[in-house]
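Read off the chains here:
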Amino acid sequence: VFFYKSPTHFHPFIAISTVSISANISIMNTKTLTAVFLAYSMVSVEPQSNECVFVDTTTGDYKLDLSDLIGVAQSYSDGFYNYTYFVCSNSFDCQNQYIPNVFASLIQIDPYDCWWLAQWDNGFIQPSYNPTTETWTFNYFGGDCGAGGGPIRQTTVNWHCNPDIVGYTITDARETNLCEYEVNIDSYYACVDAPPLYCQWY
């Protein structure tokens, strides 16, 4: 069986067999046996949904396709806060003593509470792309209010091209100013001219 290896799944190549059988003849004596093998890969087949496919807002010439990473979570800790990110998915039920629970895609957790920094909006927010640094930048506004009604959290998420990271890794997450955050991610998927991912036989 041939499997396509993606960062989070093994996709079986599909095998379909069609058999035509003459009346009153057993399958062992069938006249025709045709095997048709259909294959797909993330390189040659466009995603069925564009929910996690983005276009550069600066020129419109570049595309960022994160559809293979939908729902995949990664975390980063600075020793006190833990940041967790779910790609294109509001998969975490975040709640604290100040607000009711909110399902979010990017959260910050301290020893006492959970604060949401960004929500997946079905692709409404589109990134800018810097071809010099090979970086995609998302700016999210409207995160959790600070303790006791402080300013609304704002978060910048940068996806940096790193062809050695199949999947993605959070390399840094921090509060740059009061209730302003920056998250940096390395990923193969942020590379505009990255070669196709490899296939693996089993």
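Up top is the structure these notes are about.
Model, not experiment: these values are computed from the prediction.

**Section: the overall build of the protein chain**
Okay, so step 1: Secondary structure assignment for the protein chain yields 0 helices and 18 strands.
Okay, so step 2: Evaluated residue by residue, the protein chain yields a buried proportion of 36% over its 202 residues.
Okay, so step 3: Nonlocal contacts in the protein chain, meaning residues at least 24 apart in sequence, comprise 48% of its contacts between residues at least 6 apart.
Okay, so step 4: Carbon and sulfur atoms form 54% of the exposed surface of the protein chain, whose accessible area is close to 11500 Å².

**Notes on the nonpolar core**
Nonpolar side chains in soluble globular proteins tend to be buried together.
Okay, so step 1: If you look at the biggest cluster of nonpolar residues, it comprises 31 residues, and the most contacted ones within it are L66, Y85, V87, W159 and Y168.
Okay, so step 2: Mapped by element, the contributors of at least two residues to this core are β8 (82–86), β12 (114–118), β14 (135–145), β15 (152–161), β16 (169–177) and β17 (180–187).
Okay, so step 3: Filtering out sequence-adjacent residues up to four positions away, V87 remains in contact with C52, L66, L69, I70, G71, V72, W159 and Y168.
Okay, so step 4: Counting 6 residues, the second largest nonpolar core, distinct from the first, contains C94, V102, I107 and W116.

**Here we look at the sheet that holds strand β11 (residues 106–109)**
Okay, so step 1: Taken in spatial order, the 4 strands of this open sheet run β7-β8-β11-β12, and their pairing is antiparallel. Whereas interior strands pair on both sides, the edge strands pair on one side only; in this sheet they are β7 (73–77) and β12. Averaged over all pairs of adjacent strands, the angle between their axes in this sheet comes to 20 degrees, without regard to strand direction.
Okay, so step 2: With 4 bridges joining them, β8 and β11 adopt antiparallel strand pairing. Its bridge partner being in β11, T84 is matched across the sheet by I107.

**Structural notes on the environment of G142**
Okay, so step 1: Along the chain, the position of G142 falls in strand β14.
Okay, so step 2: On the basis of relative accessible area, G142 is assigned to the partly exposed category, the value being 32%.
Okay, so step 3: C-alpha separation for the pair G142 and Q119, spaced 23 residues apart in sequence, amounts to 8.7 Å.

**Topic: the pattern of salt bridges**
Pairing between side chains of opposite charge can happen when the charged atoms of each approach one another.
Okay, so step 1: This model, assessed by the stated rule, comprises 2 salt bridges.
Okay, so step 2: Its salt-bridge partner being R174, residue D172 comes within 2.8 Å of it at the nearest N-O pair.
Okay, so step 3: Note on R174: relative accessible area 40%, which makes it partly exposed.
Okay, so step 4: Beyond isolated ion pairs, a larger network of salt bridges with shared partners links D172, R174 and E182.

Calculation notes
Residues numbered from 1 in each chain as written. Predicted model: local features only at pLDDT ≥ 70, side-chain atom pairs only at ≥ 80, totals over all residues. Heavy atoms only, no water. Helix = DSSP H or I, 4+ residues; strand = E, 2+ residues; numbered from the N terminus. Buried < 20%, exposed > 50% of the residue type's maximum accessible area, 1.4 Å probe, protein only. Contact = heavy atoms within 4.5 Å. Areas by Shrake-Rupley, 256 points an atom, 1.4 Å probe, with all protein chains shown as cover. Core = buried A, V, L, I, M, F, W, Y, C linked by side-chain atoms within 4.5 Å. Pairing = 2+ DSSP bridges. Axes fitted to C-alpha atoms, helices over the stretch in contact; angles between N-to-C directions. Salt bridge = Lys/Arg side-chain N within 4 Å of Asp/Glu carboxyl O.

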